[in-house]
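An overview of the molecular structure
Residue-level listing of the chains:
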Amino acid sequence: MTYQHEIRVSWGDCDPAKIAYTGRIPAFALEAIDGWWEEHLGGGWFHMEVDRGFGTPFVHLSMDFRAPITPRHRLICEVAPVKLGETSITFRVLGRQDGVLCFEGKFVCVFVAAQSLNTQPPEPDIRALVEPLLQPEA
């Protein structure tokens, strides 16, 4: 089951064209990925860094925009892990409003030790958590 994160797009998120400012859209996707971690791990990025001692900084992101995002409807971001490597994890995020696909994106993070920022493999419990949730890449 894909995790769904609801975002209230506000007037302040919009540009003079009355649609979501392009720079806000990656932020919506990152908020949804943080929500995915919170849902499945019991805490998001803050919990991972402060309480667990590891982080997952982004090393790549790409997005395709399909339809404008406005404050008219809630933005539903569907998040799924699609790849778990030796030291990285890749997420797919699909953003929809009122059933219309507005964006799709690929987000790659690496696992690092919080203090040193040295790359490391995911901890065994993280690997065990993610592997059953992997979905095929589109």
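**Looking at the overall build of the chain**
Of regular secondary structure, the chain possesses three helices and seven strands. Put simply, the chain runs from its N terminus to its C terminus through helices and strands in the order β-α-α-β-β-β-β-β-β-α. Considering the chain as a whole, with its 138 residues, one finds that 42% of them fall into the buried category. Across the chain, every contact between residues at least 6 apart in sequence was considered, and the portion connecting residues at least 24 apart equals 64%. Placing the 12 positive and 18 negative side-chain charges of the chain at their respective mean positions leaves the two points 8 Å apart.

**Here we look at helix α1 (residues 24-41)**
An ideal rise of 1.5 Å per residue puts 26 Å on 18 residues; α1 measures up with 25 Å between its terminal C-alpha atoms. Immediately beyond the C-terminal end of α1, within one or two residues, lies Gly42, with a positive phi of roughly 90°.

**Quick notes on the nonpolar core**
One recurring pattern in soluble globular proteins is that nonpolar side chains are buried together. In terms of nonpolar packing, the biggest core is built from 30 residues, with Trp37 and Phe103 touching the most fellow members. At the level of secondary structure, the elements contributing two or more residues to this core comprise β1 (3-7), α1, β4 (75-84), β5 (88-97), β6 (100-110) and α3 (124-130). It is α1 that contributes the most residues to this core, eight residues altogether. With sequence-adjacent residues up to four places away left out, Trp37 is seen in contact with Gly42, Gly43, Gly44, Trp45, Met48, Thr56, Ile89, Phe91, Phe111, Ile126, Leu129 and Val130.

**Topic: the state of the cysteines**
Two cysteines joined by a covalent bond between their sulfur atoms form a disulfide. Summed over all chains, the structure comprises zero disulfides. You can see Cys77 has no disulfide; the closest cysteine sulfur is in Cys102, sitting 9.1 Å from it.

**Overview of the packing of aromatic side chains**
According to the stated counting rule, one finds six aromatic pairs in the structure shown. Considering the side-chain rings of Trp45 and Phe58, the 5.7 Å spacing of their centres and the 90° angle between planes classify their relative orientation as edge-to-face. Placement of the pair is Trp45 in helix α2 (residues 45-52) and Phe58 in strand β3 (residues 58-65), with a sequence separation of 13 residues. Under the relative-accessibility criterion, Trp45 is labelled partly exposed at 22%. When the ring of Phe54 is compared with that of Phe111, the centres are 6.2 Å apart and the planes differ by 40°; the resulting orientation is tilted. Pair noted here: Phe54 is in strand β2 (residues 54-55) and Phe111 is in the loop between β6 and β7 (112-113), with a separation of 57 residues, a long-range link. The two residues Phe54 and Phe111 agree in class, both being buried. Ring pairs connect the aromatic residues Trp36, Trp37 and Phe91, which therefore count as one cluster.

**Focus on the pattern of salt bridges**
Applying the stated rule across the entire model yields eight salt bridges. When the shortest N-O distance is used, the salt bridge between Arg24 and Asp13 registers 2.8 Å. Of this pair, Arg24 sits in helix α1 while Asp13 sits in the loop between β1 and α1, placing them 11 residues apart in sequence. Accessibility expressed as a relative area gives 29% for Arg24, which makes it partly exposed. Note on Asp13: relative accessible area 8%, which makes it buried. A salt bridge links Arg52 to Glu123; its shortest N-O distance comes to 2.7 Å. Taken together, the positions of Arg52 in helix α2 and Glu123 in the loop between β7 and α3 put the pair 71 residues apart, joining distant regions of the chain. Arg52 gets classed as partly exposed once you look at its relative accessible area, which sits at 24%. Owing to a relative accessible area of 25%, Glu123 belongs among the partly exposed residues under this scheme. Residues participating in the shared-partner salt-bridge network are Arg52, Glu123 and Asp125.

Criteria and thresholds
- Residues numbered from 1 in each chain as written.
- Predicted model: local features only at pLDDT ≥ 70, side-chain atom pairs only at ≥ 80, totals over all residues.
- Heavy atoms only, no water.
- Helix = DSSP H or I, 4+ residues; strand = E, 2+ residues; numbered from the N terminus.
- Buried < 20%, exposed > 50% of the residue type's maximum accessible area, 1.4 Å probe, protein only.
- Contact = heavy atoms within 4.5 Å.
- Lys, Arg positive; Asp, Glu negative; His and termini not counted.
- Charge placed at Lys NZ, Arg CZ, Asp CG, Glu CD.
- Expected span 1.5 Å × (residues − 1).
- Core = buried A, V, L, I, M, F, W, Y, C linked by side-chain atoms within 4.5 Å.
- Disulfide = S-S within 2.5 Å.
- Phe/Tyr/Trp six-rings, centres within 6.5 Å; stacked < 30°, edge-to-face > 60°.
- Salt bridge = Lys/Arg side-chain N within 4 Å of Asp/Glu carboxyl O.

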